[in-house]
Amino acid sequence: MPLLVMKFGGTSVADLARIENAATKVQSEVDRGHDVIVIVSAMSGKTNELVGWVESTSKLYDAREYDAVVSSGENVTAGLMALRLQEMGVPARSWAGWQVPINTTSAHSAARFVSIPRDNIDAKFAEGFKVAVVAGFQGVSAEGRVTTLGRGGSDTTAVAFAAAFDAVRCDIYTDVDGVYTTDPRITSKARKLDKIAYEEMLELASLGAKVLQTRSVELAMRYKVRLRVLSSFEETTETSGTLVCDEDEIMESKVVSGVAYSRDEAKMTLVRVEDRPGIAAAIFGPLADAGVNVDMIVQNISELDNPGDKRAYTDMTFSCPTNQVLRAQKAIEEARDKGAFAYGNLVVDTDVAKVSVVGIGMRSHAGVAAKMFSSLAAENVNIKVIATSEIKISVLIDRKYMELAVQALHDAFELEKA
Ligand code: ASP
Ligand code: MG
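Reading guide: rules and limits
Residues numbered from 1 in each chain as written. Chains lettered and ligands numbered in written order. Predicted model: local features only at pLDDT ≥ 70, side-chain atom pairs only at ≥ 80, totals over all residues. Heavy atoms only, no water. Helix = DSSP H or I, 4+ residues; strand = E, 2+ residues; numbered from the N terminus. Rg over C-alpha atoms; globule rule 2.2 N^0.38 Å. Buried < 20%, exposed > 50% of the residue type's maximum accessible area, 1.4 Å probe, protein only. Contact = heavy atoms within 4.5 Å. Areas by Shrake-Rupley, 256 points an atom, 1.4 Å probe, with all protein chains shown as cover. Lys, Arg positive; Asp, Glu negative; His and termini not counted. Charge placed at Lys NZ, Arg CZ, Asp CG, Glu CD. Salt bridge = Lys/Arg side-chain N within 4 Å of Asp/Glu carboxyl O. Axes fitted to C-alpha atoms, helices over the stretch in contact; angles between N-to-C directions. Parallel < 35°, antiparallel > 145°, perpendicular 65-115°, else oblique. Left-handed = near helix turned anticlockwise from the far one by under 90°. Expected span 1.5 Å × (residues − 1). Arc of directions from axis to C-beta. Near = heavy atom within 4 Å. Polar contact = N/O pair within 3.5 Å; in protein donor to acceptor, adjacent residues only side chain to side chain. Phe/Tyr/Trp six-rings, centres within 6.5 Å; stacked < 30°, edge-to-face > 60°. Lys NZ or Arg CZ within 6 Å of the ring centre and 35° of its normal.

A. Focus on the overall build of the protein chain. Within the protein chain one finds 12 helices and 19 strands. Relative to the 2.2 N^0.38 estimate, which gives 22 Å for 418 residues, the radius of gyration of the protein chain is 24 Å and therefore close to what a compact globule would have. Relative to its 418 residues, the protein chain shows a buried fraction of 49%. The long-range share in the protein chain, meaning contacts at least 24 apart out of those at least 6 apart in sequence, stands at 74%. Roughly 19,200 Å² of accessible area belongs to the protein chain as shown, and the carbon and sulfur atoms make up 50% of that amount. When the 46 positive and 57 negative side-chain charges of the protein chain are each reduced to one mean point, those points stand 2 Å apart.

Shown next as structure tokens:
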């Protein structure tokens, strides 16, 4: 039997009626001749509620108990989904992570997969069961404790099962009907993509297009799992949703596939740091130790300060999430006080946003940067920092221009046209 993985997110199982709706979609796939592994999230809002309960009970909570509580939402939906399928006459059984077992590391609340042995579920399929409903987001450590994978982790569970069971595809049912060229709330010209390459999806996912957990895309790319993102509130057809796949499967791709943004960025500049070997390590080491997620880094060309002084100076700029600014500032000031480096001034700008254009076509086309910059110039948007990779160009701009910039770039690259 060809095996399909179907994942239903929180809004798709938000109440009993929606669980029934999702079960109907599972039944259709069984009728089409598939064995199905269903991965479920907790009902929407449930995980937040559970996290709140833990935090209200214990400030410095034991991470093992956090996972014990927070993983429970998925157990409820797994059982209800199996019951609903049974009511429909579909032989189904539910599985908690430890029953499979989904073996993970012991990093509670941020666990990673170690192995997913197939034997138990395969044996159930051999008995005539058609559906295995597995609780997403959870696993079991070598110590035998329940673990969780980090928020949004059910996507990653789904992809891991698709890889482990050689699934024909992994369908991610959610409340949007696919992956868009940009956020439809920012421009009504945003268009649903039929296909998108893993690399592009990875950039879009990590840039703030919240459809899929970034790790799930990484895993899909590594194991070449074909992923489809589609709505559970619409009728499913052959062409529903967006297929996330290998670039070889995409015949004709545009130079730019999408425009992504990230609203909560901050820019920090160390003005007049000494330019000498080891200075970047001296600055970014302490930031890494403090857990600051540094994104863009720009070092200016240096200048000799005055003719008598042999030392050169430079400005070092980096960006990080707004909510990590205080932590970053503390790390830098402490390192300075310990004598790791000196600087003239630390300038912090918390009113910036990042806008990026993404596309695998950039690898073989020149002129994308020029076009991006000139369309921002036409809107009088000042660019503060630029960073590029093989398939992405990102700029930091004033946050108040973010929507305008996204719209302008979407127009400039004609993303509304298929
Ligand atoms: N319920 C978990 C969360 O909200 C996992 C998931 O739904 O992917 O993060
Ligand atoms: Mg999710």
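B. View of the pattern of salt bridges. Tallied over the entire structure, the rule returns 26 salt bridges. With a closest N to O distance of 2.9 Å, K384 and D398 form a salt bridge. Of this pair, K384 sits in the loop between α11 (368-378) and β18 (385-389) while D398 sits in strand β19 (residues 392-398), and the two are 14 residues apart along the sequence. One connected set of salt bridges, linked through shared partners, spans E199, E247, R363 and E390.

C. Fine view of the packing of helix α1 (residues 16-31) against helix α4 (residues 72-87). The contact between α1 and α4 brings their axes to 9 Å, and the two run at 60°. When the interaxial angle is binned, α1 and α4 end up oblique. With respect to the hand of their crossing, α1 and α4 are arranged in right-handed fashion. Facing L16, I19, E20, A22, A23 and V26 of α1, the residues of α4 in contact are T77, L80, M81, R84 and L85.

D. How the structure looks around α4. Over its 16 residues, α4 extends 23 Å from the first C-alpha to the last, a length consistent with the 22 Å expected when each residue adds 1.5 Å. Along α4, the positions that sit buried rather than exposed are G73, E74, T77, A78, M81, A82 and L85. For α4, the angular spread of the buried residues around the axis is 160°, confining them to a single face. Taken from the residues just after α4, G89 is the one with a positive phi, measuring 90°.

E. Structural context of the site of ligand 1. Neighbouring residues of ligand 1: S41, A42, T47, E74, F137, R151, G152, G153 and S154. The side chain of T47 places a nitrogen or oxygen atom 2.8 Å from a nitrogen atom of ligand 1. Coverage of ligand 1 by the protein chains reaches 86% of its 260 Å² of free accessible surface.

F. Region of interest: unusual backbone geometry. The amide bond that connects V100 to the next residue, P101, takes the cis arrangement and shows omega of -5°. Checked against the element boundaries, P101 lands in the loop between β3 (92-95) and β4 (103-104). Of note, the phi angle at S109 is positive, near 70°, even though the residue is not glycine. The topology assignment puts S109 in the loop between β4 and β5 (113-115). The partly exposed category is assigned to S109, whose relative accessible area is 31%.

G. The arrangement of the packing of aromatic side chains in detail. Scanning the entire structure with this criterion turns up 5 aromatic pairs. A cation over an aromatic ring shows up here: R272 above the ring of Y313, its NZ or CZ 4.0 Å from the ring centre.

H. Spatial organisation of the environment of E49. Structurally, E49 can be placed in helix α2 (residues 46-57). A relative accessible area of 34% means that E49 is categorised as partly exposed.

I. The side chain of D183, seen in detail. Inspection of the secondary structure puts D183 in the loop between β9 (169-174) and β10 (195-197). Take D183: its relative accessible area is 13%, and that puts it in the buried class. Beyond its immediate stretch of four places on either side in the chain, D183 contacts A190 and Y261.

Interpretation note: all reported values are geometric properties and have no functional meaning in isolation.
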